[in-house]
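Coordinate inspection notes
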Amino acid sequence: MSHTVTGTEPDQPPPEDDHAFFGQPRGLMTLSGLEVWERFSFLGMQAILVLFFADRVSDGGLGMDPGTAASVSAAYGTLVYLVSVAGGWLADRILGSYRAVLYGGVLIACGHYAMAVPAAVTTWVGLGLISAGTGLLKPNVASMVGKLYRTEDARRDAGFALYYMGINIGAFAGPLVTGWLGEHASWHWGFSAAAVGMTLGLVQYVAGRRHLAGRKHAAEYALAPGPMRRAVLLGAAGLLTAALVASALALAGWLTMDRFVDVLTLVSVIAPVVYFTVMFRSPRVTADERGRLRPYVVLFLASVVFNFILFQAYSTMMLLASTNARTEVFGFHFPAGWYASALGAFEVALAPVVAAVWARMGPRQPHASNKIAFGVILGGLSFLLMVLPTSGHTGDTYRMAAWWIVGSYLLLGLGDVLLETSGMSATTKLAPRAFASQTMALWFLSLALANGIQAQIVKLYGEVSNPAYFGVNGAVAVVAGVAVVAAAPWLRRTMHPVH
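Residues numbered from 1 in each chain as written. Predicted model: local features only at pLDDT ≥ 70, side-chain atom pairs only at ≥ 80, totals over all residues. Heavy atoms only, no water.

**Observations concerning the overall build of the protein chain**
Put simply, the rule is: Strands are runs of DSSP state E lasting at least 2 residues, helices are runs of H or I lasting at least 4, and numbering of each runs from the N terminus. Accessibility here uses a 1.4 Å probe with only protein chains present; expressed as a share of the type maximum, an area under 20% marks a residue as buried, one over 50% as exposed, and anything in between as partly exposed. When checking whether two residues touch, look at their non-hydrogen atoms; a contact exists if any pair is within 4.5 Å. Each accessible area value is a Shrake-Rupley result obtained with a 1.4 Å probe; residue values ignore everything except the protein chains displayed when judging cover.
Assigned secondary structure in the protein chain consists of 17 helices and 2 strands. Scored against the burial criterion, the 499 residues of the protein chain give a buried share of 51%. Long-range pairs, those at least 24 residues apart, make up 82% of the contacts in the protein chain between residues at least 6 apart in sequence. Roughly 21500 Å² of accessible area belongs to the protein chain as shown, and the carbon and sulfur atoms make up 68% of that amount.

Put into structure tokens, the structure is as follows:
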């Protein structure tokens, strides 16, 4: 499909003497602030979502069994990351980054407000709105951060470090607020806090818009008027048709929750297979680029394995913490949802330490593939650690010390710091030039697939013993990480220019 770029060039980056925000452009404060509140709302809600699903109806929950609650929560994550692929395309071709982020934030806020209403139907409507909104916002904020800097600006890496620290601050603070409200008031008060957080993020985003580069209304690679009209009409017709078909199937009793989860898993498997097939067969991809795609498939699968473990920090680990972990430290009682804050806290604390270690090692630091492999191994060890406190109990009424969960999240947080930064960097360097603008879509597909697989595997939670569940999943992740380490010589040869 053809597209034009006339009159749609992005705004120029701010002047290089703009050092208003810790030596960075002041637009970084606007975007980092937005991400703080978006992660506050998204992960704050996700920390209590599975607990809300599994709680008794008489206590304000939906009364699902633990395995189903974890599966539906994972399916929601699958939908978020699948929609993110479309969100990047909409920003590039139709909306532009600024409007895509703004509209996405509005949808997210509306979704959280809908979930604040204590009714089952508003819960599902709210989750749908949040999925669509996150799909618009998430893939485009990072690209707006990149537009704040010229290519040769040496502050770029430090700016992204500040931006990611903002993400983790939101991930730390969100569960503290929503977890307390969910336990002491009601789950819907927790969802209300997430709504207020996203609203605050939108207010400061609009207020600081004059400091953002690339904020023109037109898309950077806008479609010509004719193709754009056709794309909008086809998109609207497709969404309407899908909604009508889904409604009809649901009323007929065929589209149950389990089948909807299965469909999302199937889509999450098919999408990356199709994506890689298109790239491998595209005449626009050179032989050298095709050679670099092969090692990237290995790293893509490593990301899937790690994120399969990581995303369970907000599903099975939350369920385990709520039923079998003590919620007190030194006599201080806290909600089970607060455990999720430990992950964000560790990532805030460990990210600068890891960056300093790599900087000190210089050229002696491990290859990117080994960093990713170490991250996967740490993710597996975080699950294997849970075998120890869950073993040797005849009943299900035991309570483990809080430090077991916290220790697991420490390993998981360090693994996330190692894997996510190296994985995203490798994605941008290994993707074929013809697909360079779609690298974020490729990364999000690995996250969607991880959630899609999780949506099936977590159905076993509560059906098999906890030691078996965490032990087998953790062992698989460790074996996968070791396999990547074993493939390191081949990966180093074929991953040029990644070091």
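**What about a nonpolar patch on the surface?**
The cut-off we apply is this: Like charges are joined within 9 Å and nonpolar side chains (Val, Leu, Ile, Met, Phe, Trp, Tyr) within 5 Å, but only among residues with over 30% relative accessible area and no salt bridge; these make up the patches. Any carboxyl oxygen of Asp or Glu that lies within 4 Å of a side-chain nitrogen of Lys or Arg is treated as forming a salt bridge with it.
Residues Leu-266, Val-269, Ile-270, Val-273, Val-274 and Val-278 make up a contiguous nonpolar surface patch of about 500 Å² in total accessible area. Here Ile-270 shows up in helix α8 (residues 257-281).

**Notes on the packing of helix α10 (residues 316-324) against helix α16 (residues 466-486)**
Just so we agree on the cut-off: In this analysis an axis means a line fitted to C-alpha atoms, helices contributing only their contacting stretch, and an angle means the value between N-to-C directions, from 0 to 180 degrees. Every angle not falling under 35 degrees, over 145, or within 65 to 115 is termed oblique; those three ranges are roughly parallel, roughly antiparallel and roughly perpendicular. Here is the rule for handedness: rotate from the far helix to the near one, and if that takes an anticlockwise turn smaller than a right angle the crossing is left-handed, while a clockwise turn gives right-handed.
The N-to-C vectors of α10 and α16 enclose an angle of 150°; their axes lie 13 Å apart at closest approach. Relative to α16, the element α10 is oriented roughly antiparallel. The handedness of the crossing between α10 and α16 is left-handed. Taking contact as the criterion, the partners of Thr-316, Met-317, Leu-320 and Asn-324 in α10 are, on α16, Asn-466, Tyr-469 and Phe-470.

**Quick word on the environment of Ala-431**
You can see Ala-431 is positioned in the loop between α14 (402-430) and α15 (439-457). Sequence-wise, Ala-431 and Arg-292 are 139 residues apart; in three dimensions their C-alpha atoms are separated by 7.9 Å.

**Quick look at unusual backbone geometry**
For residues besides glycine, phi is generally negative; the peptide bonds are generally trans as well. Within the chain, Phe-330 stands out as a residue other than glycine whose phi angle is a positive 55°. The residue Phe-330 is located in the loop between β1 (328-329) and β2 (332-333) in this model.

**Overview of the packing of helix α1 (residues 26-54) against helix α3 (residues 97-115)**
The description of two helices packed together rests on the angle between their axes and the distance between the axes. For the record, the criterion: Each residue receives one of three labels: charged for Asp, Glu, Lys and Arg, nonpolar for Ala, Val, Leu, Ile, Met, Phe, Trp, Tyr, Cys and Pro, and polar for the others, Gly being one of them.
Closest axis-to-axis distance for the α1/α3 pair is 12 Å, and the angle between their directions is 35°. Seen from above, α1 lies across α3 with left-handed handedness. Along the contact surface, α1 presents Leu-34, Glu-38, Ser-41, Phe-42, Met-45 and Leu-49, while α3 presents Val-101, Ile-108, His-112 and Met-115. Of the residues contributing to the contact of α1 with α3, the split by class is 7 nonpolar, 2 polar and 1 charged.

**Quick word on the nonpolar core**
The cut-off we apply is this: The definition of a nonpolar core used throughout is a set of buried Ala, Val, Leu, Ile, Met, Phe, Trp, Tyr and Cys residues joined through side-chain atoms within 4.5 Å.
By size, the foremost hydrophobic cluster in this structure holds 90 residues, and its most contacted members are Met-45, Leu-49, Tyr-339, Ile-405 and Tyr-409. With residues near it in sequence (within four places) discarded, Met-45 still touches Phe-40, Tyr-76, His-112, Met-115, Leu-127, Ile-130, Thr-178, Phe-191 and Ala-194. Counting 22 residues, the second-largest nonpolar core is a separate cluster that includes Val-101, Ala-109, Ile-167 and Met-198.

**Overview of the packing of aromatic side chains**
Quick reminder of the rule: Any two rings among Phe, Tyr and Trp, with Trp reduced to its six-membered ring, count as a pair given centres within 6.5 Å; such a pair is stacked if its planes are under 30 degrees apart, edge-to-face if over 60, and tilted if neither.
Scanning the entire structure with this criterion turns up 19 aromatic pairs. Judged by centre distance (5.8 Å) and plane angle (25°), the rings of Tyr-81 and Phe-444 are stacked. Placement of the pair is Tyr-81 in helix α2 (residues 66-95) and Phe-444 in helix α15, with a sequence separation of 363 residues. An angle of 15° between the planes, with centres 6.4 Å apart, marks the rings of Phe-334 and Trp-338 as stacked. Taken together, the aromatic side chains of Phe-52, Phe-53, Trp-124 and Phe-191 make up a single cluster linked through ring pairs.

**Details of the side chain of Thr-30**
Looking at the secondary structure, you find Thr-30 in helix α1. Classification of Thr-30 by relative accessible area gives buried; the value is 4%. The contact partners of Thr-30, leaving out residues within four places of it in the chain, are Gln-204, Tyr-205, Gly-208 and Leu-212.

**Side note on the pattern of salt bridges**
Going through the model one piece at a time under the given rule, you end up with 4 salt bridges. A salt bridge links Lys-138 to Glu-35, with the shortest nitrogen-to-oxygen separation between them at 3.1 Å. Taken together, the residues Lys-138 in helix α4 (residues 120-146) and Glu-35 in helix α1 connect sequence positions 103 residues apart. Looking at Glu-35, the relative accessible area reads 0%, which means it is buried.

**Details of the side chain of Lys-371**
With respect to the secondary-structure elements, Lys-371 resides in helix α12 (residues 368-385). Residue Lys-371 is classed as buried on the basis of its relative accessible area of 9%. Each residue touching Lys-371, except ones within four places of it in the same chain, is listed here: Trp-358, Gln-365, Pro-366, Leu-418 and Ser-422.

**Overview of helix α7 (residues 225-251)**
Just so we agree on the cut-off: Multiplying 1.5 Å by the helix residue count minus one yields the expected span of that helix.
Given a rise of 1.5 Å per residue, 27 residues ought to cover 39 Å, and the 39 Å separating the end C-alpha atoms of α7 matches this to within 8%. The positive-phi residue at the C-terminal boundary of α7 is Gly-253, with phi of around 85°.

**Structural notes on the environment of Leu-176**
By secondary structure assignment, the location of Leu-176 is in helix α5 (residues 156-184). The exposure class of Leu-176 is partly exposed, given its relative accessible area of 25%.

**Some thoughts on the environment of Pro-118**
Within the secondary structure layout, Pro-118 lies in the loop between α3 and α4. In sequence terms Pro-118 and Gly-60 are 58 residues apart; their C-alpha atoms lie 7.9 Å from each other.

**Considering the confidence of the model for the protein chain**
One rule of thumb: low pLDDT means the predicted coordinates there are not for detailed reading. The criterion, for reference: You can read pLDDT as the predictor saying how much it trusts each residue, on a scale of 0 to 100.
In this model, the protein chain carries an average pLDDT of 85, and 90% of its residues clear a pLDDT of 70 or more. No element of the protein chain has a lower mean pLDDT than α7, at 82, and none a higher one than α16, at 96. Predicted confidence is poor over residues 1-10, with pLDDT under 50, and the contacts of this stretch with residues over four places away or in other chains come to 23 contacts.

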